[in-house]
Amino acid sequence: MRASQSKLAEEEHSRQQKLTALAAHLGGDGVQVTTGSTVTITFDDGLFGPDAISPSADGRRALAHWGAVLEGQDVRVTDIGHGVAVPGGPATGGWSTALARAASAARVLATASGQPLTTFAITSADQATPVHEGTDAAANRTVTLEVTPR
């Protein structure tokens, strides 16, 4: 039993080392990087315009930059699309726009990183849970990346 516990402890230590190294590699201007069970990259600025499911020119440049950072990395990326509630619309939902944003961002990231598109899983967050609390809607028209070493 001790041998299996020791092996599990070693595997967990190795995983934490990989996460720490990955977080250091992925850090940079324009994003916040946090480490937990994955390395989470939160973009400081919105990457999409109002009602847009394709990145803005600035958003495309930011995604292409981070795709290049992912080049050569043995990782799995979950791309979480975000939406914002619009005046007069429902306060929750927005998943279809958020999911479309995640998909278009994944395509940009895959092209820029040279990684196969299958490296990127896509999902959506509810618009009732903004990425950036207390900021204008523009910053929340974005995606968040959860990066896990393989």
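Coordinates for the structure precede this section.
Below is a short write-up of the structure.

Section: the pattern of salt bridges
Under the definition given, this model contains three salt bridges. Glu12 is the partner of Arg15 in a salt bridge, and the nearest nitrogen-oxygen pair spans 3.2 Å. Placement of both Arg15 and Glu12 in helix α1 (residues 2-26) is noted, with a separation of three residues, approximately one turn of the helix. In this structure Arg15 comes out as partly exposed when scored by relative accessible area, which is 32%.

Comments concerning the side chain of Asp79
Tracing the chain through its elements places Asp79 in strand β3 (residues 75-81). As a buried residue without a salt bridge, Asp79 has its nearest oppositely charged side chain in Arg107, at a separation of 9.1 Å. Of the polar contacts made by the side chain of Asp79, one reaches the backbone nitrogen of Ala106; its length is 3.1 Å. Those residues in contact with Asp79 that lie beyond four places of it in its chain are Ala102, Ala105, Ala106, Leu109, Ala121, Ile122, Thr123, Val143, Thr144 and Leu145.

A closer look at the pairing of strand β5 (residues 143-149)
When you tally the buried positions in β5, you get five out of seven residues, the bulk of the element. One ladder, built from four bridges, connects strand β2 (residues 39-43) with β5; its direction is antiparallel. Pairing of Val39 across the sheet is with Val147, part of β5. Pairing of β3 with β5 involves seven bridges; the strand directions are antiparallel. In the sheet register, Gly81 faces β5, and the bridge partner there is Val143.

Conventions adopted
Residues numbered from 1 in each chain as written. Predicted model: local features only at pLDDT ≥ 70, side-chain atom pairs only at ≥ 80, totals over all residues. Heavy atoms only, no water. Salt bridge = Lys/Arg side-chain N within 4 Å of Asp/Glu carboxyl O. Helix = DSSP H or I, 4+ residues; strand = E, 2+ residues; numbered from the N terminus. Buried < 20%, exposed > 50% of the residue type's maximum accessible area, 1.4 Å probe, protein only. Lys, Arg positive; Asp, Glu negative; His and termini not counted. Polar contact = N/O pair within 3.5 Å; in protein donor to acceptor, adjacent residues only side chain to side chain. Contact = heavy atoms within 4.5 Å. Pairing = 2+ DSSP bridges.

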